[in-house]
Amino acid sequence: MTAVNHMGEEKRRSVSRHSLQVDRRENVTVTGMIDVISFDEESIIGETEMGIIIIRGANLHVKRVNLENGELIVSGEIDGITYENPSGGVRAKSLLGRLFK
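Below or above, wherever it landed, is the structure these notes cover. From a predicted model like this one, the values you see are computed outputs, not experimental measurements.

1. Structural notes on the pairing of strand β8 (residues 71–84)
At step 1: With five bridges connecting them, strand β4 (residues 27–31) and β8 associate as antiparallel partners. Each residue of the ladder has a partner; that of N27, found in β8, is S75.
At step 2: Direction of pairing for strand β7 (residues 51–66) relative to β8: antiparallel, over a ladder of twelve bridges. Counted as the bridge partner of R56 is G80 from β8.
At step 3: Two successive antiparallel strands, β7 and β8, enclose a turn made up of four residues, where G70 displays a positive phi of approximately 75 degrees.

Shown next, in the form of C-alpha cells:
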C-alpha cells in the first residue's frame with residue numbers, strides 16, 4: 001500500500017486494518033494509522049485509514065508511534081475520541097484551523 005503523508009512524501013506500508021482499543025479511559029491503541037498530524041497534552045490528531053481521528057483528554061502522552069506498522073499508543077486521561085471523514089490535505093488543514101482558532 002502506498003500512502004502520502006501530510007508533507008506530500010510517499011511511503012510504502014503494509015495494508016493494515018483500522019481498529020481502536022480503549023482500556024479504562026487511560027490507554028488507547030489505534031491501528032491503521034497513516035500519519036500523526038499534531039499532538040500535545042490535550043489532543044492528538046492523526047490520519048487513519050478511516051479518516052481523521054481526534055483524541056482529547058488531559059496529560060496525553062504518545063507512548064509509541066510506528067507508522068510503518070500503522071500503530072499509535074496513547075496514555076493519559078481520555079475524555080473523547082472523534083472522527084472526521086477521510087479526505088485530502090485541504091480538509092485536514094481546515095480541521096486544524098477550526099481546532100486552533
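2. Digging into the pattern of salt bridges
At step 1: This structure, assessed with the given rule, holds four salt bridges.
At step 2: The partner of D23 in a salt bridge is R24, with the nearest N and O atoms 3.6 Å apart.
At step 3: Taking the relative accessible area as the measure of exposure, D23 reaches 34% and is therefore partly exposed.
At step 4: Where D79 meets R25, a salt bridge forms, and the shortest distance between an N and an O atom there is 3.6 Å. Taken as a pair, D79 in strand β8 and R25 in the loop between β3 (19–23) and β4 lie far apart in primary sequence, 54 residues in all.
At step 5: On the basis of relative accessibility, which here comes to 57%, the residue D79 falls in the exposed class.
At step 6: One network of salt bridges, in which partners are shared, links D23, R24 and E26.

How each quantity is defined
Residues numbered from 1 in each chain as written. Predicted model: local features only at pLDDT ≥ 70, side-chain atom pairs only at ≥ 80, totals over all residues. Heavy atoms only, no water. Pairing = 2+ DSSP bridges. Helix = DSSP H or I, 4+ residues; strand = E, 2+ residues; numbered from the N terminus. Salt bridge = Lys/Arg side-chain N within 4 Å of Asp/Glu carboxyl O. Buried < 20%, exposed > 50% of the residue type's maximum accessible area, 1.4 Å probe, protein only.

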